[in-house]
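Descriptive analysis of the structure
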Amino acid sequence: MDLSYYVFDSLLIIFVCLFFDNSTSDSLDTIIQHAMAGDYPYFIPHLSIPSEAIHSLSLLFACGDTLGEERSLSTMIPASCQDEATGFYKPYELIVFLENHLTFLSFSEYRRLAPHNHIRLLYNENQQELRVQERPSFSSAHYLHCHHTAVEDDSSYTALILQDCSHTSFQFSTVAGIVVLRDCDHVTLSICCNRLLVINCHHIALYTYTCTNPVFIACAPDTMLTAPYNTPRVQLLRRLREAHLTGRNCWDFGIDMKGVAFPCPKLPPEEFSPFLAKEITGEEELPLLPTEYEEVFRHVLNTLKKT
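Everything numeric here is computed off the predicted structure, so don't read it as measured data. (Residues numbered from 1 in each chain as written. Predicted model: local features only at pLDDT ≥ 70, side-chain atom pairs only at ≥ 80, totals over all residues. Heavy atoms only, no water.)

When helices and strands are tallied, the chain shows nine helices and 14 strands. When each of the 307 residues of the chain is scored for burial, the buried share is 49%. In the chain, 46% of the contacts between residues at least 6 apart in sequence involve partners at least 24 apart. With the model as given, the accessible surface of the chain reaches about 14,500 Å², and the carbon-plus-sulfur share is 51%. (Helix = DSSP H or I, 4+ residues; strand = E, 2+ residues; numbered from the N terminus. Buried < 20%, exposed > 50% of the residue type's maximum accessible area, 1.4 Å probe, protein only. Contact = heavy atoms within 4.5 Å. Areas by Shrake-Rupley, 256 points an atom, 1.4 Å probe, with all protein chains shown as cover.)

The following block contains the structure:
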């Protein structure tokens, strides 16, 4: 049985990021060591997997809605993997099932099958600046090996993965589901999304509107910098509503593997400026900004309009 491609090196890492409900007093370093060592017995008692969480798992397996699959992931999992009394999945049984049925694909196979699964796969080893046009046929995107370049993509996605990129600026619009930033350094990301997961990244600048607090795994906090979303776009507020991205912007507090919130290092307001992809029309919109950033943004925007 084919569950599409597998985007991470360890199934356990995915389960820890999504479902770990830590009740131990162990340090974050200890937890990370157990995860990297593949220590399933350590985590299984602390994995809480409600039935609705399988959708998040599907997003990570298929980099977005698995529209190209013959069957959804939830229909493929046998009833024996679910506790009848609680409706929650049994972690051990579910992990065994997935381990036995995942299909690992080579990169060439992955590249060939990506369009079939409505995935936009882009890798930019030639260091060319990319301005990506929106195409409704792609529900998700996976950017690989982008180095020393800039990427502008105005598409609306369900999920997005940025992997193994360096010295690159990414400007995106909306992602209704999850965004995964993995194994990147010296990357700037501007995006509106529901969930943001940052794994093993360093020297990252995040300009975000996110409905939930970003999750940071194996990242050095002192190399991160955060700020509100800074890319005004025409009809952006409508696109946010269509993607069900509403409510408070949770850009300023991160979550570690123990579920503890911590304040993210913030870009000083006086250094905040809008990224303008095109000529200003006056119809560009941004989600509500904190007052100190709003004042700087309006000043810069008005100055640019006069030039």
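Counting residues in hydrophobic clusters, the biggest one holds 37 residues, and the most contacted among them are Phe15, Phe19, Phe43, Leu57, Ile77, Leu94 and Leu98. Tallying contributions element by element places helix α1 (residues 11–19) first for this core, with nine residues. Shared between two domains, this core takes at least three residues from each, and those domains are domain 1 (11–104) and domain 2 (118–305). With residues near it in sequence (within four places) discarded, Leu57 still touches Ile14, Phe15, Leu18, Phe19, Leu73 and Leu98. Within the second largest apolar cluster, 29 residues are counted, among which are Phe172, Leu181, Leu189 and Cys201. (Core = buried A, V, L, I, M, F, W, Y, C linked by side-chain atoms within 4.5 Å. Domains from an automatic or database assignment.)

This part takes up the pairing of strand β5 (residues 159–163). For β5, a buried count of five out of five residues is recorded, marking the element as mostly surrounded by other parts of the structure. Burial along β5 is two-sided: the face carrying Ala159, Ile161 and Gln163 and the face carrying Leu160 and Leu162 are both buried. Bridge count between strand β3 (residues 140–144) and β5: five bridges; the pairing is parallel. From the neighbouring strand, Ser140 faces β5, where its bridge partner is Ala159. Note that β5 and strand β6 (residues 166–182) share four bridges and pair parallel. Within β6, the residue paired with Ile161 across the bridge is Val180. (Pairing = 2+ DSSP bridges.)

Among the secondary structure elements, Thr168 is positioned in strand β6. Assessed through its relative accessible area of 3%, Thr168 is described here as buried. A distance of 3.1 Å separates a polar atom in the side chain of Thr168 from the backbone oxygen of Cys146. Those residues in contact with Thr168 that lie beyond four places of it in its chain are Cys146, His147, His148, Thr149, Ala150, Val151, His186, Val187 and Thr188. (Polar contact = N/O pair within 3.5 Å; in protein donor to acceptor, adjacent residues only side chain to side chain.)

The next thing to look at is the pairing of strand β7 (residues 185–199). When β6 meets β7, the two strands line up parallel, connected through 12 bridges. Counted as the bridge partner of Thr168 is Val187 from β7. Bridging between β7 and strand β8 (residues 202–210) involves eight bridges; their strand directions are parallel. Note on β8: the bridge partner recorded for Leu189 is Leu206. Pairing of β7 with strand β9 (residues 215–217) involves three bridges; the strand directions are parallel. When the sheet's bridge partners are listed, Ile199 is paired in β9 with Ile217.

Another aspect to go through is the confidence of the model for the chain. Model confidence for the chain is summarised by a mean pLDDT of 79, while 80% of its residues fall at 70 or above. Within the chain, β8 carries the highest mean pLDDT (94), whereas helix α4 (residues 54–62) carries the lowest (64). Below pLDDT 50 for its whole length, residues 1–8 participates in 43 contacts with residues either more than four positions away or in separate chains. (pLDDT = per-residue confidence, 0-100.)

Moving on to helix α6 (residues 91–101). Among the residues of α6, those classed as buried are Pro91, Leu94, Ile95, Phe97 and Leu98. Seen end-on, α6 carries its buried residues on one side only, within an arc spanning 160°. More than 90 degrees from the buried face of α6, the exposed residues found are Tyr92 and Asn100. (Arc of directions from axis to C-beta.)

This structure, assessed with the given rule, holds zero disulfides. Of all cysteine sulfurs in the structure, the one in Cys165 sits closest to Cys146, which takes part in no disulfide; the separation is 4.3 Å. Taking the relative accessible area as the measure of exposure, Cys165 reaches 1% and is therefore buried. (Disulfide = S-S within 2.5 Å.)

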